[in-house]
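# Per-entry structural report
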Amino acid sequence: VYSGHRRFHMEPYSLQYIVVELILVKEHNGVQFTTSTLVSPAGHPHGHGHALGPSHGHTPVPGEERETWGKKIDFLLSVIGFAVDLANVWRFPYLCYKNGGGAFLVPYLFFMVIAGMPLFYMELALGQYNREGAAGVWKICPIFKGVGFTVILISLYVGFYYNVIIAWALFYLFSSFTGELPWVHCNNTWNSPNCSDLWAFNNSLNDTHKSTPAAEYFERGVLHLQDSEGIADLGLPRWQLTSCLAVVIVVLYFSLWKGVKTSGKVVWITATMPYVVLTVLLLRGVTLPGAMDGIKAYLSVDFLRLCEPQVWIDAATQICFSLGVGFGVLIAFSSYNKFSNNCYRDAIITSSINSLTSFFSGFVIFSFLGYMSHKHSVPLDKVATDGPGLVFIIYPEAIATLPGSSVWAVIFFIMLLTLGIDSAMGGMESVITGLMDEFKFLHKHRELFTLFIVVSTFLISLFCVTNGGIYVFTLLDHFAAGTSILFGVLIEAIGIAWFYGVDRFSDDIEEMIGQRPGLYWRLCWKFVSPCFLLFMVVVSFATFNPPNYGTYTFPIWANMIGWCLAISSMTMVPLYAIYKMCTLPGKKPNTHKLVKEWDENI
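Residues numbered from 1 in each chain as written. Predicted model: local features only at pLDDT ≥ 70, side-chain atom pairs only at ≥ 80, totals over all residues. Heavy atoms only, no water.

### Points about the confidence of the model for the protein chain
Looking at the protein chain as a whole, its pLDDT mean stands at 84, while 85% of the residues score no less than 70. Across residues 1-63, where pLDDT falls below 50, the model places 99 contacts with residues more than four positions away in sequence or in other chains. Every residue in residues 200-207 scores below 50 in pLDDT, and together they form 3 contacts with partners more than four places removed in sequence or on other chains. (pLDDT = per-residue confidence, 0-100. Contact = heavy atoms within 4.5 Å.)

### With respect to a nonpolar patch on the surface
Residues Trp498, Phe499, Leu519, Leu523, Phe527 and Val528 make up a contiguous nonpolar surface patch of about 590 Å² in total accessible area. Elements with a minimum of two residues in the nonpolar patch: helix H21 (483-513) and helix H22 (519-542). At 4 residues, the largest contribution of residues to the nonpolar patch is made by H22. With respect to the helices, strands and loops of the structure, Trp498 is situated in helix H21. (Patch = residues over 30% accessible without salt bridge, like charges linked within 9 Å, V, L, I, M, F, W, Y side chains within 5 Å. Areas by Shrake-Rupley, 256 points an atom, 1.4 Å probe, with all protein chains shown as cover. Salt bridge = Lys/Arg side-chain N within 4 Å of Asp/Glu carboxyl O. Helix = DSSP H or I, 4+ residues; strand = E, 2+ residues; numbered from the N terminus.)

### Some words on the side chain of Ser358
With respect to the helices and strands, the residue Ser358 is situated in helix H15 (residues 343-376). Apart from the residues within four sequence positions on either side, Ser358 is in contact with Asn88, Phe92, Pro93, Tyr108 and Tyr298.

### Focus on the UniProt feature "binding site: Na(+)" (unreviewed entry) in the protein chain
Here, UniProt's "binding site: Na(+)" (unreviewed entry) annotation points to Gly81, Ala83, Val84, Asn88, Ser322, Asn354, Leu419, Asp422 and Ser423. Despite a sequence span of 343 residues, these residues sit close together in the fold, their greatest C-alpha distance being 14.2 Å. Inspection of the secondary structure assignment puts Ser322 in helix H13 (residues 309-322). Take Ser322: its relative accessible area is 2%, and that puts it in the buried class. Leaving out residues up to four positions away in the same chain, Ser322 has contacts with Ala83, Tyr108 and Asn354. Along the chain, Asp422 turns up in helix H18 (residues 405-438). With a relative accessible area of 3%, Asp422 lands in the buried category. Beyond its immediate stretch of four places on either side in the chain, Asp422 contacts Gly81, Phe82, Val84, Val267, Thr270 and Ala271. (UniProt positions renumbered as here; feature names shortened; annotations may be inferred. Buried < 20%, exposed > 50% of the residue type's maximum accessible area, 1.4 Å probe, protein only.)

Here it is, written out as structure tokens:
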């Protein structure tokens with residue numbers, strides 16, 4: 001190898017090759033290097049053709065060949081499974097109903113086209129070309145590497161509470177294997193005197209304090225909220241929920257411990273099962289009395305609502321969070337693709353499926369909500385809600401009134417489990433891949449490192465399964481991935497479009513798939529998407545409301561902790577940039593000394 005390099009120095013192209021050598025040597029000064037040019041001829045004129053670009057990122061050193069997906073469908077199902085999560089079921093249908101029905105699709109599809117798809121495409125291409133996780137890909141522009149740690153931290157924070165939702169679904173699933181569902185009547189030990197088997201929404205004062213058996217089962221039977229006075233009074237973890245959480249963690253570990261070879265097989269079940277269950281539930285739902293009234297309310301078009309700014313803000317927010325951009329998951333998943341994989345086609349397919357799933361799930365949800373409205377003779381807006389209340393209170397109550405209710409309950413909570421598991425797997429994979437690619441020695445210990453991550457997540461999640469755990473859950477949900485995720489994607493888009501350069505990024509994509517992104521995509525990356533994200537960050541700060549759970553208001557110190565959590569991830573961007581500027585030398589390097597050091601390392 002030594003003599004070979006000396007021979008190249010005598011060739012006419014030696015200047016270009018020496019530049020490549022200097023780029024490699026900069027690893028000693030903290031700049032990410034690309035492993036392939038150490039042994040591959042890709043860097044000389046017969047390679048990719050631009051010595052200073054990152055074209056070297058896909059030819060790894062022998063013995064460090066990066067794992068790839070077993071089949072192309074494994075990757076697609078993993079991306080779809082991550083992007084299609086619980087929010088598609090409990091968030092989008094309610095937003096659509098609340099914001100003008102079918103008219104809501106106008107701003108939703110508009111933001112999908114100008115921001116959702118371009119950012120989705122950008123992350124898939126970024127990961128596939130550089131073949132590293134969320135932090136490692138920033139070898140293309142090292143000063144922005146902090147944003148990689150930002151998204152890794154956000155994914156870790158989300159795992160602290162997202163796994164708890166899956167544990168709740170598992171608890172409900174176990175409770176459904178009974179002749180009579182436990183949330184049907186008020187004669188249980190956890191029920192309060194205010195529990196009423198009948199929905200009685202009228203103007204009398206007494207009725208406003210009534211609660212349904214389903215609501216009391218969730219808050220008093222499952223969460224034991226009555227035993228806590230607030231976030232300052234958490235109590236010990238409840239063994240029932242802790243056991244369910246432990247099962248979830250075990251499933252996640254054995255789905256991830258061997259990498260994408262195992263997780264790619266798990267998603268064959270977790271990514272496809274929700275569609276089967278949603279279809280079955282829709283076929284049952286449309287046969288119920290009042291179902292068509294619910295669907296009509298879901299689709300009713302009120303274009304006057306488009307004059308309200310909040311409708312557009314809701315649509316933009318939903319796009320940001322429903323596609324899963326900014327969590328580092330898309331980068332991690334695509335980094336295991338083959339270099340020539342058509343990431344453009346994948347981006348169009350998977351992002352479209354995600355939005356269609358959200359729209360389709362609305363028919364399922366509102367067929368049952370229309371049935372509930374008809375059954376209890378109450379307005380639809382009295383039963384229509386979003387968030388955990390929809391899937392753990394309203395929907396279970398609707399299912400409980402059906403013949404064979406236990407069977408339908410089992411089917412429904414299996415769907416929630418599969419929706420949650422593959423999304424949780426994606427978040428964990430973002431953390432694991434991002435840190436393993438940054439700290440190379442972890443590659444040899446993936447099983448142990450994965451165990452460390454999932455156990456750490458489990459220990460923090462225990463705070464969410466205490467008597468007052470719902471307060472911790474609400475705090476994490478409000479602060480962990482709100483403004484911080486929008487900020488992370490904004491910095492990511494600016495780093496790619498304005499510092500690395502849209503033209504260079506387009507060259508990378510052309511090198512992979514054989515065609516250059518069109519003018520539309522380049523304009524979106526450079527101008528439209530960054531402006532959209534900047535607007536969303538400003539709106540997020542301007543419209544911030546402190547979290548609450550029902551009538552409970554969080555104390556100031558709890559909100560301060562929440563903001564510290566959000567800021568802790570965002571500060572990774574400036575902190576790493578300052579570190580990089582302070583550690584890199586400012587003077588011109590000694591070329592002969594660097595070449596000598598490089599030869600010695602070889």
